[in-house]
Amino acid sequence: MPEPTSDLVWLTCLLRELRTDFADRAVRLRRHTERPWVWIDGGVDRSWIADMTPGASRVRRIRPDDDDAPTEWRLWGGRRTDGAQITDGTALGGDRVLSLRLDWTTRLGESAASDLIIEFGGRHTNALVVTVPDGVIVDVLRPVSGKVNRYRELLPNRIYAPPPRLNRASLLDPWPWDA
């Protein structure tokens, strides 16, 4: 049986902190023009960066400089993320995949939802915006074609498939304890 990891505990604490920070706040997703970073912009005192640098991914709170935003960052995810509210979050399958639910309003005034998915996977880190409930990829930080990965493609207008579990134990599954 595989050894249990602390990923789920870490992700659960991170989700709790993100939900607290973004409660009842409109957010904007921005993408760095040169680096694989996603900025979850909830205002000056409530901003986080998901650094998707392969092998060194992390999510951290920041205090952005207003002067940097127009030149180094651009909006990401289009109308599906601009002014959305983060209403829920989960660790997909208890693995190293974080999913944040974004609720937004269409131009016709109807309620809609998207998911911001952040995958922590060593050199395979990535961030995606996916429609709900059909799971179609709207935008992806680091596109992955079938030539690069035979298991799954991460391209706009494709159905999202989570990364394989790689036989890691999850805290959601029962596993034996030695006293």
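Scroll up a little and you will see the structure.
The structure contained in this document is the topic of the report that follows.

What counts, and where the lines are drawn
Residues numbered from 1 in each chain as written. Predicted model: local features only at pLDDT ≥ 70, side-chain atom pairs only at ≥ 80, totals over all residues. Heavy atoms only, no water. Phe/Tyr/Trp six-rings, centres within 6.5 Å; stacked < 30°, edge-to-face > 60°. Helix = DSSP H or I, 4+ residues; strand = E, 2+ residues; numbered from the N terminus. Buried < 20%, exposed > 50% of the residue type's maximum accessible area, 1.4 Å probe, protein only. Lys NZ or Arg CZ within 6 Å of the ring centre and 35° of its normal. Core = buried A, V, L, I, M, F, W, Y, C linked by side-chain atoms within 4.5 Å. Contact = heavy atoms within 4.5 Å. Polar contact = N/O pair within 3.5 Å; in protein donor to acceptor, adjacent residues only side chain to side chain. Pairing = 2+ DSSP bridges.

### Here we look at the packing of aromatic side chains
If you walk through the whole model with that rule in mind, you get 2 aromatic pairs. When the centroid spacing of 5.1 Å and the interplanar angle of 65° are considered together, the rings of Trp39 and Trp73 count as edge-to-face. On the criterion of sequence distance, the pair formed by Trp39 in strand β2 (residues 37-41) and Trp73 in strand β5 (residues 73-75) is long-range, its members being 34 residues apart. For the residue pair Trp39 and Trp73, the accessibility class agrees, reading buried in each case. Connected via pairs of aromatic rings, a cluster forms that spans Trp37, Trp39 and Trp73. Positioned above the aromatic ring of Trp39, the side-chain terminus of Arg30 is 5.1 Å from the ring centre.

### Here's the deal with the nonpolar core
Within soluble globular proteins, side chains that are nonpolar tend to cluster in buried spots. If you look at the biggest cluster of nonpolar residues, it comprises 28 residues, and the most contacted ones within it are Leu29, Ile40, Trp76, Leu98 and Leu116. At the level of secondary structure, the elements contributing two or more residues to this core comprise α1 (7-21), β1 (26-32), β2, β3 (47-51), β6 (84-91), β7 (97-105), β8 (111-119) and β9 (126-131). Looking at which element gives the most residues to this core, the answer is α1, with 5 residues. When neighbours within four sequence positions are excluded, Leu116 is seen to be in contact with Leu29, Ile40, Trp76, Leu98, Ser99, Leu100, Leu102, Leu128 and Val129.

### Some thoughts on the side chain of Arg152
Position of Arg152 relative to the elements: it lies in the segment after β10 (137-140). Residue classification places Arg152 among the buried positions, given a relative accessible area of 9%. Polar side-chain contacts of Arg152 include one of 2.7 Å to the side chain of Glu119. In this structure the side chain of Arg152 is engaged in a polar contact, spanning 2.6 Å, whose partner is the backbone oxygen of Ala161. Excluding residues within four positions of it along the chain, Arg152 makes contact with Glu119, Val144, Tyr160, Ala161, Pro162 and Pro163.

### Concerning the pairing of strand β4 (residues 58-62)
Both β3 and β4 contribute to a ladder of 5 bridges, which runs antiparallel. Looking at β4, one finds that Ala50 is bridged to Val59. In this structure, the hairpin formed by β3 and β4 is closed by a connection of 6 residues, where Gly55 is found at a positive phi of approximately 85°.

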